[in-house]
Amino acid sequence: MSLTDSVDIDSKSEKPVSLIWGCELSSERDSYTFQVPEEWQCEQQLALRTICLGEAAQDEFHVVEIVAAEEGDARAPVPLATLKPSVLPMATLVGVELTPPVTFHLRAGSGPVYISGQHVSMMPNLSWDEEEEEEEEDAEEEEPAEELSEKPPKGQAAKKGSAAKQEQRLPRGSPSQQGPRSRPG
């Protein structure tokens, strides 16, 4: 389930914040774990976009897999992509949205392999509360103003009434009821 699919009663009090994210896997560093600090109490997600080989990648198969981040988890790693420079140097990933912590592992190949995406956080929207308070204050200020503006000034009421009476007196087809005319040129 993605952040945009979730329906929350407090959705007005949270706003999505998206950051570009990326990592490199190679023979020097064949694993990378994406995790967020424990003090971040908001919902987090990593939406993967592309996985590609670097220009120095050898013409061999490069297999990237996702490994269960929990120690002692018996789930098997899930292959994410198999890339080869002469066949498939890049893959676009659509709909791959992961909840951290997530560990990527270069199972085969020497890399470099670049993984990129978006880190999306549902951050508390503190400005929403401020806007709501301002709207309430504005509504309270507008209520007395609305009471005063319900009655039009006497001069305007008289004009509206006399204009309506004048239109009723005009016969059908008179110039004021036909609308503006264009002059032949």
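Here the structure is shown first, and the text comes after it.
For every chain, the first residue of its written sequence is number 1, and the numbers climb from 1 along that sequence. Reporting of local features is limited, given that this is a predicted model, to residues whose pLDDT is at least 70; pairs of side-chain atoms are given and counted only at 80 or more, and all residues count toward the totals for whole chains, interfaces and linings. Each side-chain value is worked out from all heavy atoms of the structure, with water and hydrogens disregarded.

Chemist: Looking at this structure, how should I read the sheet that holds strand E5 (residues 78–83)?
Modeler: Strands pair in a sheet through their backbones, by hydrogen bonds, and they do so in one of two ways: parallel or antiparallel. Reading across from one edge, E2-E7-E4-E5 is the order of the four strands in this open sheet, with antiparallel pairing throughout. Both edges of this open sheet fall to strand E2 (31–34) and E5, since each of them pairs with a single strand only. Each adjacent strand pair in this sheet contributes to an overall mean axis angle of 20°, direction not counted. Paired strands, in this sense, are two strands between which DSSP finds at least two bridges. The numbering of helices and of strands both runs from the N terminus, where a helix is a DSSP run of H or I of at least 4 residues and a strand a run of E of at least 2. Of the strand pairs in this sheet, E2 and strand E7 (residues 102–108) are connected by four bridges, and their pairing is antiparallel. Its bridge partner lying in E7, Tyr32 is registered against Phe104. Orientation is described by axes fitted as lines to C-alpha atoms, over the contacting stretch for helices, and by angles from 0 to 180 degrees between their N-to-C directions.

Chemist: Sorry if this is basic, but what is going on with the sheet that holds strand E8 (residues 113–124) here?
Modeler: Strand order across the open sheet formed by four strands is E1-E8-E3-E6, with antiparallel pairing between neighbours. Only two strands of the sheet have a single neighbouring strand rather than two, namely strand E1 (14–25) and strand E6 (90–98). Recorded for the sheet is a direction-independent mean angle of 15° between the axes of neighbouring strands. As paired strands, strand E3 (residues 44–53) and E6 are joined by six bridges and run antiparallel to one another. Residue pairing in the sheet places Ala47 in a bridge with Glu97 of E6.

Chemist: What's the story with the nonpolar core in this structure? I'm lost.
Modeler: Generally speaking, soluble globular proteins have nonpolar side chains that are buried together. By size, the foremost hydrophobic cluster in this structure holds 24 residues, and its most contacted members are Trp21, Leu48, Ile51, Val64, Leu80, Phe104 and Ile115. Secondary-structure elements contributing two or more residues to this core are E1, E2, E3, strand E4 (62–67), E5, E6, E7 and E8. Any two residues whose heavy atoms approach within 4.5 Å at even a single point are treated as in contact. Those residues within four positions of Trp21 in sequence are excluded, and the remaining contacts are Tyr32, Phe34, Leu46, Leu48, Phe104, Ile115, Ser116, Gly117 and His119. By convention a nonpolar core is built from buried Ala, Val, Leu, Ile, Met, Phe, Trp, Tyr and Cys residues, the set being connected through side-chain atoms within 4.5 Å. Burial classes follow relative accessibility: with a 1.4 Å probe on protein chains only, a residue under 20% of its type's maximum area counts as buried, one over 50% as exposed, and anything between as partly exposed.

Chemist: Just checking my understanding: could you explain the packing of aromatic side chains for this structure?
Modeler: Each pair of aromatic rings is reported with the distance of its centres and the angle of its planes. Aromatic rings from Phe, Tyr and Trp, taking only the six-membered ring of Trp, are treated as a pair when their centres fall within 6.5 Å; an angle between ring planes under 30 degrees marks them as stacked, one over 60 as edge-to-face, and anything in between as tilted. Enumeration according to the criterion identifies three aromatic pairs in this entry. Ring geometry for Trp21 and Tyr32: centres 5.9 Å apart, planes at 50°, overall tilted. With Trp21 in strand E1 and Tyr32 in strand E2, this residue pair connects regions lying eleven residues apart in the sequence. For the pair Trp21 and Tyr32, a shared accessibility class is recorded, and that class is buried. Residues Trp21 and Phe104 carry aromatic rings whose centres are separated by 5.7 Å and whose planes lie at 35° to one another, so their mutual orientation is tilted. Of this pair, Trp21 sits in strand E1 while Phe104 sits in strand E7, and the two are 83 residues apart along the sequence. Given a relative accessible area of 0%, Phe104 falls into the buried group.

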